[in-house]
Amino acid sequence: MFVQKRRRPTIHDVAAAAGVSRGTVSRLLNGDRYVSASARVAIERAIAETGYVVNRNARSLVTRRTGSVVMVLSEPQEKLFEDPNFPVLLRTATRRLAERDVSLVMMIAADDSDRERVVRYVRGGHADGVLLISTHAGDPLPDRLREINVPAAAQGAILGRESVIPYAAADDREGARQMTRYLVESGRRRIATITGPLDTPGGVLRLEGFCDVLGRKASKRLIEHGDYTQLGGESAMARLLQRAPDIDAVFVGSDLMAAGALSALRAAGRRVPDDVAVGGFDDSAVALTTHPPLTTVRQPLAQVAEETVRLLLELIDGDRPEHPVILPTELVIRESA
């Protein structure tokens, strides 16, 4: 018995079901913001009723858009799985882009060959824009992207490119001030810090916030540098204890490094918080799994990711954001300090 194949619904079917013109449906599907709210509701209902599916290839010929965005992580691949912040950024950006029917492609750019691969991919017309994550000062990728005129927005400022690449970030400097003030007001007198890499905004701004509060007491002897890894925090804490064994508090530039610092303090026989108070930064999942649970600074990572995506979508639409988006932090007090 012959069974007639069901015809796929077309844009004409959607227009007829919605009671609007084909052109109105086309404008909505192509991202035109000047479609009335009533027409938008009617078209969306008609799409659901008819089962219409947008032909991406056909639409891209008209709009010259691919319907995809690249997220570039400028760190070694293992950090994507070790650092609890990156999955939050990835998950939030994916969800936010899906609301605009935009796909997300993840790429790693830890070295020159990786960066060249990203440039080739983007130059080949495979993406409408780029989300830059954890980009270090001096990284040539932002300038390469500008040379090929590809919209790009960053999570966190790119040092030296703050006025060139739009970005969204937590208020790192004020967050560090909050933590350092809390340690001072808790009666701690010999306060050290473990910074993140100083070619990242978190490394620089959190150190500046620490120094803002302590002034001349923030001596080089009490400042150690880490790399945002747990092992790096453990090593930095061991160096601090060797150089300044009388410290009674330490502000660590990330929760993951703080977990490492706690391990080093246990190994040295130091009680937390009795002998040494420990504060972190992020309020990631790690902060609740340490022993004791970590006093830390909460940065709104999901909101930062959403704002970064918003900035990028504005750039893709032809707008130019005038100012960076800086979001407030919050001190979260637990047992470690």
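Residues numbered from 1 in each chain as written. Predicted model: local features only at pLDDT ≥ 70, side-chain atom pairs only at ≥ 80, totals over all residues. Heavy atoms only, no water.

**Regarding the overall build of the chain**
Scanning the chain from N- to C-terminus turns up 13 helices and twelve strands. The principal-axis extent of the C-alpha atoms belonging to the chain is close to 85 × 45 × 40 Å. Within the chain, buried positions represent 49% of all 337 residues. Excluding contacts between residues fewer than 6 apart, the proportion of contacts in the chain whose partners are at least 24 apart in sequence is 71%. Working note: accessible area of the chain is about 16,600 Å², and carbon and sulfur atoms make up 51% of it. One way to put it: in the chain the 45 positive side-chain charges average out to a point 4 Å from where the 44 negative ones average out. (Helix = DSSP H or I, 4+ residues; strand = E, 2+ residues; numbered from the N terminus. Buried < 20%, exposed > 50% of the residue type's maximum accessible area, 1.4 Å probe, protein only. Contact = heavy atoms within 4.5 Å. Areas by Shrake-Rupley, 256 points an atom, 1.4 Å probe, with all protein chains shown as cover. Lys, Arg positive; Asp, Glu negative; His and termini not counted. Charge placed at Lys NZ, Arg CZ, Asp CG, Glu CD.)

**Considering the pattern of salt bridges**
Pairing of side chains with opposite charge becomes possible as their charged atoms draw close. Scanning the entire structure with this criterion turns up 26 salt bridges. Residues Arg173 and Glu208 are paired through a salt bridge, measuring 3.0 Å at the closest nitrogen-oxygen approach. Of the two residues, Arg173 is situated in helix H9 (residues 172–185) and Glu208 in helix H10 (residues 201–214); the sequence distance between them amounts to 35 residues. Across the salt bridge formed by Arg190 and Asp246, the nearest N and O atoms sit 3.2 Å from each other. Taken as a pair, Arg190 in the loop between H9 and strand S6 (191–195) and Asp246 in the loop between helix H11 (230–243) and strand S8 (249–252) lie far apart in primary sequence, 56 residues in all. With relative accessibility at 47%, the residue Asp246 sits in the partly exposed group. Sharing partners across several salt bridges, the network here consists of Arg173, Glu174, Arg177, Arg181, Glu208 and Asp212. (Salt bridge = Lys/Arg side-chain N within 4 Å of Asp/Glu carboxyl O.)

**Some points on the sheet that holds strand S5 (residues 167–170)**
Strand pairing in a sheet relies on backbone hydrogen bonds. The paired strands run either parallel or antiparallel. A sheet is described by the order of its strands in space; here six strands give the open sequence S2-S1-S3-S4-S5-S11, paired in parallel fashion. Of all the strands in the sheet, the pair left with one neighbour each is strand S2 (103–108) and strand S11 (325–327). Taken pair by pair, the neighbouring strands of this sheet meet at an average axis angle of 20°, ignoring direction. Two elements, strand S1 (residues 68–73) and strand S3 (residues 130–133), share four bridges in a ladder whose sense is parallel. Across the sheet, residue Leu73 finds its bridge partner in S3, namely Ile133. Packed onto the sheet, helix H7 (residues 112–123) meets S1, S2 and S3 and runs at close to 150° relative to S2. Here helix H13 (residues 301–316) sits on the sheet in contact with S1, S3, strand S4 (152–155), S5 and S11, set at roughly 170° to S4. (Pairing = 2+ DSSP bridges. Axes fitted to C-alpha atoms, helices over the stretch in contact; angles between N-to-C directions.)

**Considerations on empty space enclosed by the protein**
Using the criterion set out here, one finds one cavity of 30 Å³ or more in the structure. Considered as a void within the structure, the largest cavity measures approximately 40 Å³ in volume. As for the largest cavity, its lining consists of Met71, Leu89, Ala93, Leu131, Ile133, Gln155, Ala305, Thr308 and Val309. Those elements that place two or more of their residues in the lining of the largest cavity are helix H6 (85–98), S3 and H13. Of the residues forming the lining of the largest cavity, the biggest block, three residues, is contributed by H13. In terms of residue class, the lining of the largest cavity is built from seven nonpolar, two polar and no charged. (1 Å grid on protein atoms, 1.4 Å probe; cavity = no way out; pocket = protein on both sides within 12 Å on 5 of 7 lines; lining within 4 Å. Points joined across faces, edges and corners; volume = space filled by probe spheres on them. Nonpolar A, V, L, I, M, F, W, Y, C, P; charged D, E, K, R; others polar.)

In short, the description is geometric, and any link to function would need to be established separately.
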